Amino acid sequence: ERCNKWISKYLIYAMAAKTCHLKSRAFSESLICFLSKISDRGVASLNRHLFLTIIADVISSSDSPIVAHHGCRCFHNVCALDPESVSSSQAEVAAVDGITNIISLMEAFKEHQSVQSEACLALVALCAKSSTNKAIVLEEGGIEGIFSAYLSFGSSKAYEGVGLMTKVRACSALISLALDPACKIEMKSSGIIEKFNSILQEDEKIPHELRSLIERLLILTSDEEGDDWLLEFKDGASEDETVVCILAHLRMITNKDDDHHVDTSSLMQNSLRAIRKFSSSRAVQESACKVLACLYSSNQRQTGAEQSYIDVLEAVEVSLREHQNCHTVVAAASSVISNMCTTCMTPADEEPSQILSDTLYRAIMEVVNAMELCIDDITAAEQTSGALWALCNAKPSLVVSLGTINPGKSNTINVLIDAMKKFPSSIELHTNAISVMHSFFIQSENIIKDERSIACVVNVSSVLSKFMKESEGEVATIGTALKILNILADERGYDAKIALSENDEIIAAIVSCMFSYPDSLVIQGTACDIIRTLAVNNLKRSQICHQGGTTRIIDSLKRMKKDSSFVYKGFMALENLVSGADVDVLTANDTPKVVLTAIEACFEEVNVQIHGAEVIFHLSSRHDSFKEALVRLGAARLISEAMTRFLPSWEMQQKGCIAIWSISTPKALRSEVGHYAITPIIDGVSAHCSPDDLPSSPQGDKQKFCEDALGAVKCLSTTTANKRSLEESGAIDLICSIIWLHGENADLCKAALSALSNICADRDTNQILRISADVLDALVQTMRTHQNKKEVQSLAIVLLRNLTFSPTNCLILQQNKYVSTLVHNAMVNFNTSFEGRAEDVLRVMPSLNQ
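On a predicted model such as this, the values are computed, not experimentally measured, just so you know.

It is worth spelling out the overall build of the protein at this point. Helix and strand counts for the protein come out as 46 helices and two strands. Across the 850 residues that make up the protein, the buried fraction comes to 55%. Sequence-distant contacts, at least 24 apart, represent 74% of the contacts inside the protein between residues at least 6 apart. Carbon together with sulfur atoms contributes 48% to the accessible area of the protein, which is approximately 37200 Å² in total.

This next bit is on the confidence of the model for the protein. Low pLDDT marks regions whose predicted coordinates should not be analysed in detail. Per-residue pLDDT for the protein averages 85, and the proportion of residues at 70 or more is 89%. Predicted confidence is poor over residues 224–230, with pLDDT under 50, and the contacts of this stretch with residues over four places away or in other chains come to 13 contacts. Under a pLDDT of 50 for its full length, residues 696–700 has, in the predicted model, five contacts with residues more than four places off or in other chains.

So, about helix α4 (residues 65–80). In a regular helix each residue adds 1.5 Å, so 16 residues correspond to 22 Å; α4 covers 22 Å between its end C-alpha atoms and thus fits that length. Taken across its 16 residues, α4 has 13 buried, putting it largely inside the fold. Of the residues that open α4, the one with a side-chain oxygen 3.2 Å from the backbone nitrogen of I66 is S64.

Tracing the backbone through its elements, the reader meets T782 in helix α42 (residues 773–785). T782 has contacts with I739, C749, L753 and V792, leaving out every residue within four places of it along the chain.

Within the structure shown, the criterion is met by 25 salt bridges. Residues E286 and K290 are paired through a salt bridge, measuring 3.0 Å at the closest nitrogen-oxygen approach. Note that E286 and K290 are positioned in helix α16 (residues 282–295) at a spacing of four residues, about one turn of the helix. Classification of K290 by relative accessible area gives partly exposed; the value is 35%. Close ionic contact of R321 with E366 constitutes a salt bridge, the shortest N to O distance being 3.5 Å. Highlighted residues: R321 in helix α17 (residues 306–322) and E366 in helix α19 (residues 354–373), separated in sequence by 45 residues. We classify R321 as partly exposed; its relative accessible area is 38%.

For the rest of this paragraph, the subject is the side chain of E382. Assignment of secondary structure puts E382 in helix α20 (residues 378–394). Despite being buried, E382 has no salt bridge partner; K290 is the closest side chain of opposite charge, sitting 13 Å away. Setting aside residues no more than four positions away along its own chain, E382 makes contact with S426, E428, L429 and N432.

Cut-offs used in this document
Chains are numbered independently. Their residues run from 1 in the order of the written sequence. pLDDT decides what is reported in this predicted model: residues at 70 or higher carry local features, side-chain atom pairs at 80 or more are listed and counted, and totals for whole chains, interfaces and linings draw on all residues regardless. Processing note: side-chain calculations cover all non-hydrogen atoms of the structure and skip hydrogens and water entirely. Here a strand is any run of E in DSSP of at least two residues, a helix any run of H or I of at least four, and the numbering for each starts at the N terminus. Here the term buried applies to any residue with accessible area under 20% of the maximum for its type, exposed to any over 50%, and partly exposed to those in between, with areas from a 1.4 Å probe on protein chains only. Two residues form a contact once any of their heavy atoms are found within 4.5 Å. Residue burial considers only the protein chains on display, and all accessible areas are found by Shrake-Rupley using a 1.4 Å probe. On a scale of 0 to 100, pLDDT captures the predictor's confidence in every residue. In a helix, the anticipated span is given by 1.5 Å times the number of residues less one. Between N or O atoms, a polar contact is any pair within 3.5 Å; within protein, one atom must be a potential hydrogen donor and the other a potential acceptor, and residues adjacent in sequence are included only when both atoms are from side chains. Salt bridges are defined as contacts in which a side-chain nitrogen from Lys or Arg sits within 4 Å of a carboxyl oxygen from Asp or Glu. The positive count covers Lys and Arg only, the negative count covers Asp and Glu only, and His and the chain ends enter neither.

What follows is the structure, given as structure tokens:
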């Protein structure tokens with residue numbers, strides 16, 4: 001209501017503004033486009049005369065095809081969208097010279113097919129049951145203009161897209177005019193009818209819907225039938241008379257975008273009355289359902305129309321129940337349900353009443369029953385599957401009932417699978433069935449419970465695999481099929497995953513889809529999800545690699561490197577494949593460069609960086625040649641930058657440390673890696689080394705993270721430059737902190753002692769680092785905590801012996817009252833001098849007696 005008030009004000013402003021700016025093309029185009037939008041929602045509540053006056057003034061003073069296109073659309077909408085005031089709307093349009101303007105536009109824009117198409121559609125609405133307007137069209141030469149519109153753009157694409165639509169609308173306009181005797185005479189005398197006869201005989205490529213309209217026009221203009229007596233529903237009509245009447249209406253409206261010269265409300269009621277009256281007549285049921293399907297082929301949604309939906313659904317339900325063995329009736333009735341649910345109901349609508357919900361449930365039951373009985377007919381199978389999908393899309397909760405309708409061997413999903421197997425070339429059937437199955441598996445959680453359900457998974461995967469391999473160009477449907485397989489592989493339990501992995505056709509189908517549709521994000525991303533799941537199995541990993549799955553993922557990463565969502569999925573799949581991929585294949589595809597380029601392109605996405613580091617780890621572990629290539633291409637820099645950028649992310653620090661450790665194992669690469677990585681590693685461990693800060697999860701242990709980080713530090717600390725960097729970055733203090741925080745973990749202590757030994761002793765320069773008493777306290781604490789661990793004692797004694805080469809360190813050792821005792825106890829406990837190192841330490845220490 002508020003919107004209508006503002007629009008009314010806008011019309012007043014527009015009326016004033018056009019006096020100043022009517023010659024402005026920009027003003028005229030923007031104004032008419034806005035008026036067209038207004039007309040799309042109806043103008044019943046507005047000042048219609050003012051609305052039409054503005055439109056007439058704008059289109060009569062503009063040379064813009066945009067203005068012409070939307071001006072015709074406005075005239076059409078004014079008459080078509082308010083069925084209760086069609087006559088008055090037609091008269092008001094004629095009063096502002098709307099018909100004259102339309103015919104002038106057709107003459108002025110002969111080369112603009114969209115203008116011709118909209119003009120013909122507007123004349124259909126203006127002339128329906130209006131002898132006055134038909135006379136204006138005749139007087140202004142509109143019949144010749146409409147025929148010219150039909151002949152426009154007679155190219156090889158005349159029967160495609162806008163070309164076909166223009167011809168259909170032109171024929172519709174001529175049919176409406178042919179009901180007027182004077183117009184019929186003009187068509188015949190001008191030779192238009194004779195030309196249509198020739199077109200019909202000479203052109204074999206005319207589509208069926210257009211041919212039907214031309215035939216109807218020829219019938220109306222023939223001497224035998226010039227009136228519309230066939231279109232009258234008569235009280236007390238017999239079955240045959242009713243069929244004839246319904247078919248006459250059907251010929252008038254079949255396959256047209258809009259046919260507003262038919263009283264749709266009256267026709268719908270008469271069709272429902274015929275269905276109820278002749279419930280046992282297949283001919284009446286089929287014809288009446290076809291009429292209803294045509295009426296609902298365009299959006300008929302109205303406020304408060306729920307009762308009419310219920311009436312139609314109940315009538316169609318009777319047709320399905322009474323004639324469920326008749327393929328043609330089942331197909332026609334199913335198309336009514338499909339069109340109604342598609343054009344009038346969406347999941348976004350308000351929750352339907354309980355009565356409508358019950359009616360929808362009964363409808364889906366009848367559709368399923370009929371589908372099973374008529375499964376041998378392709379048309380019935382296509383229409384029933386379409387009705388199922390439309391019902392499930394209109395009310396998603398209905399999809400759960402598919403698992404309970406006809407339970408057992410003949411459940412709904414199996415019926416759909418059987419239909420897909422019978423008609424493998426039917427794209428419509430496969431599209432509908434796959435959409436239904438997708439909704440079913442999404443809504444029905446935990447359905448994979450028994451052998452029957454597992455068999456269903458096997459059948460679904462088999463039929464989907466075949467469809468994906470054999471269909472061409474069906475990108476959306478193939479994407480949906482892959483989503484189903486992904487649900488079964490990743491979200492329906494171990495048994496479903498095993499059942500899916502046993503189908504050898506799946507991998508070939510998935511890889512084939514990735515090859516055929518390289519630019520489809522949905523297909524590439526979903527395929528990566530499935531591959532990631534299946535590749536956990538060693539045998540499946542080998543099959544995926546052997547059939548080119550690794551190559552396809554690498555190629556997609558190269559193409560879609562800037563799409564972070566896909567890169568994330570691609571990396572996760574690649575993590576599980578690298579260990580099974582041939583090194584030559586990885587090298588030939590320049591895998592290190594592709595991976596690093598994708599990481600750099602998505603530098604702001606933490607998940608990409610985390611899994612990118614994981615892929616780097618697996619690549620570098622696969623072969624030493626990849627370590628050098630990765631470092632040369634900047635892997636250390638990228639990982640280090642990511643660790644710094646996403647310092648709060650523990651997982652980023654964990655994966656980054658492991659990757660750094662792996663690529664730095666060759667000694668020749670350690671200096672370059674250390675240049676970038678030392679500071680980020682120290683910062684990352686400092687931020688996340690506290691037990692309270694680390695999450696405990698299956699993906700990572702609190703102390704394992706610190707152990708891996710210390711492993712990277714130990715590896716890097718073998719060069720002089722890195723030792724200095726580690727010392728300056730506070731690595732020694734950090735190691736001591738870790739010992740105090742996690743001193744009970746022997747493995748972690750061993751890693752800490754090893755890293756500390758490397759940092760403190762530089763063999764290349766024969767130098768020993770001077771330590772503080774705090775460092776010695778941490779070392780002593782480790783020896784005391786793990787007195788029964790020989791490896792810990794051994795590493796501690798190695799470190800102590802190294803420290804003795806510094807006089808300053810010797811003084812610190814001598815001042816600690818526990819060192820001598822701990823070293824002596826270690827020698828006694830394990831009956832060894834630790835290759836003489838323990839004796840060397842004791843030699844510089846005060847005697848035990850002292």
